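# Coordinate analysis (summary)
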Amino acid sequence: MLSRPIIRWLTRQRPPPPIPLSNFERLCQELKPCDVVLVEGRSRASAVVKTVTQSPWCHAALYVGRLYDIEDPEGRRLVREATDLPASERLVIESMLGEGCVVRPLSVYEDDHVRLCRPQGLSHPDAQQVLMHAAQQIGKGYDLRQIFDLLRFLLPWALMPRRWRSSLFRQLPGKQTRTVCSTMIAEAFGAVQFPILPLVQQGEGDELRLFRRNPKLCVPSDFDYSPYFQIIKYPFMDFSAHTGYRLLPWSSRTPAATLPNNSTAALGPPNEDQPP
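Owing to the predicted nature of the structure, the values given are computational and were not obtained by experimental measurement.

The subject of this paragraph is the sheet that holds strand S3 (residues 91-96). The six strands are arranged S4-S3-S2-S1-S5-S10 in an open sheet whose pairing can be described as antiparallel. Only two strands of the sheet have a single neighbouring strand rather than two, namely strand S4 (100-105) and strand S10 (229-232). Adjacent strand axes in the sheet meet at a mean angle of 30°, parallel and antiparallel pairs treated alike. As paired elements, strand S2 (residues 59-65) and S3 share three bridges and run antiparallel to each other. Residue Tyr63 lies in a different strand from S3, and its bridge partner there is Val92.

With that settled, the discussion passes to the pairing of strand S8 (residues 199-202). With four bridges connecting them, S8 and strand S9 (residues 208-211) associate as antiparallel partners. Across the sheet, residue Val200 finds its bridge partner in S9, namely Leu210.

Within the element layout of this structure, Arg4 appears in helix H1 (residues 3-11). Arg4 gets classed as exposed once you look at its relative accessible area, which sits at 52%. Through-space distance from the C-alpha of Arg4 to that of Gly98 is 7.5 Å; in sequence the pair is 94 residues apart.

Within the largest apolar cluster, 32 residues are counted, with the highest numbers of intra-cluster contacts made by Val36, Ile93, Phe189 and Phe223. For Phe189, the contacting residues outside a window of four places in its chain are Cys34, Val36, Leu62, Pro119, Leu122, Val130, Phe194, Phe223 and Phe229. In this structure, Tyr63, Leu106, Val114 and Leu116 belong to the second largest nonpolar core, which totals 17 residues.

For S4, the tally of buried residues reaches six of six residues, placing the bulk of the element in the interior. Across six bridges, the pairing between S3 and S4 is antiparallel. Its bridge partner lying in S4, Glu94 is registered against Val102. Joining the antiparallel neighbours S3 and S4 is a turn of three residues, in which Gly98 adopts a positive phi near 90°.

Our next topic: the environment of Ala127. When you line up the elements, Ala127 lands in helix H5 (residues 124-135). Relative accessible area serves as the criterion here: at 11%, Ala127 is assigned to the buried category. Along the primary structure Ala127 and Asp35 are separated by 92 residues, whereas in three dimensions their C-alpha atoms are 9.6 Å apart. When residues no more than four places from it in sequence are discounted, the contact partners of Ala127 are Cys34 and Leu122.

Conventions adopted
- Residues numbered from 1 in each chain as written.
- Predicted model: local features only at pLDDT ≥ 70, side-chain atom pairs only at ≥ 80, totals over all residues.
- Heavy atoms only, no water.
- Pairing = 2+ DSSP bridges.
- Helix = DSSP H or I, 4+ residues; strand = E, 2+ residues; numbered from the N terminus.
- Axes fitted to C-alpha atoms, helices over the stretch in contact; angles between N-to-C directions.
- Buried < 20%, exposed > 50% of the residue type's maximum accessible area, 1.4 Å probe, protein only.
- Core = buried A, V, L, I, M, F, W, Y, C linked by side-chain atoms within 4.5 Å.
- Contact = heavy atoms within 4.5 Å.

Don't take any of this as a statement about function, it's just geometry.
Here is the structure:
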C-alpha cells in the first residue's frame, strides 16, 4: 500500500537528546494504573500533531501497570494475548499511527520527555473499569482521517468548501473500529463519567450543569490542562538533589546551540530525508 512508506516516513524517530529532561526511573516509581503518560515525541508525525494542537504534547498513553494489576480476568486475557512480554513488565495501552491500538512496554519512552497526569479521586473500581474499556480497544485501527478532520475543524469554517468541512460531529452508523490515542483514553474515562475538560453551563439561579465534550475533540494536551488531573513531573536535574535552585550546577559557557546565527555552529543539522 502507498500509505505504508508514508507512515514509516512520518513515524521515523529522530535521535533522542544526550541528556533527557525527565528522570524516567523516578517516574516509573511514581506511576499508578490509569495514569496518563504524555509524550513530546521525536517524529515528523509528532511535529504535525504539536502544530495542530498548539501544544508540546503529541501523544498520550494509558498506563496499565503490570499484568496482575488488571483484576478483571477478561481484561487481563485481552492484554496477555496482545503481548508476549513478561507479567512483571510495566505496560501501556495506546493508539499508534500505523499500528492501531496496541500494548507496549513503558520502557519505549525511556529516552523521551514525558509527563504524568493522574486522575484525582478516581476510585479503585472505576480505575479497573477504565482499564477494562481500554483493553477492549486493543486491535482497533488508527483513525488517521480524524487527525486531518481535527485540523479541518480548527480552520475557519466559512472559508472552506462544504465537502472539506469537519465531520467530527456526524453520527456514523455501525460500530466504530478506528481511534486515536487521546480519543481512546477520553472514551475510557468517559465510561465512568470522569471529567477531562467538560463544558460548563449555568442554568437558573446558581445551578451548574456539566456536558461531556465529543471525545474525538480530545487532544493530548487536554489531560495537561484539565483541573481534574494532577500533573506529576520529575526533572532529570532535580532541586532536591542540590537543596535548592540557586545551587544548581550552572555554567557560564554558552552552548553551541544558542550561538548567534552568523556562527557555523548555528547552521544546525543537514536537511532531513525527503518524503517517499
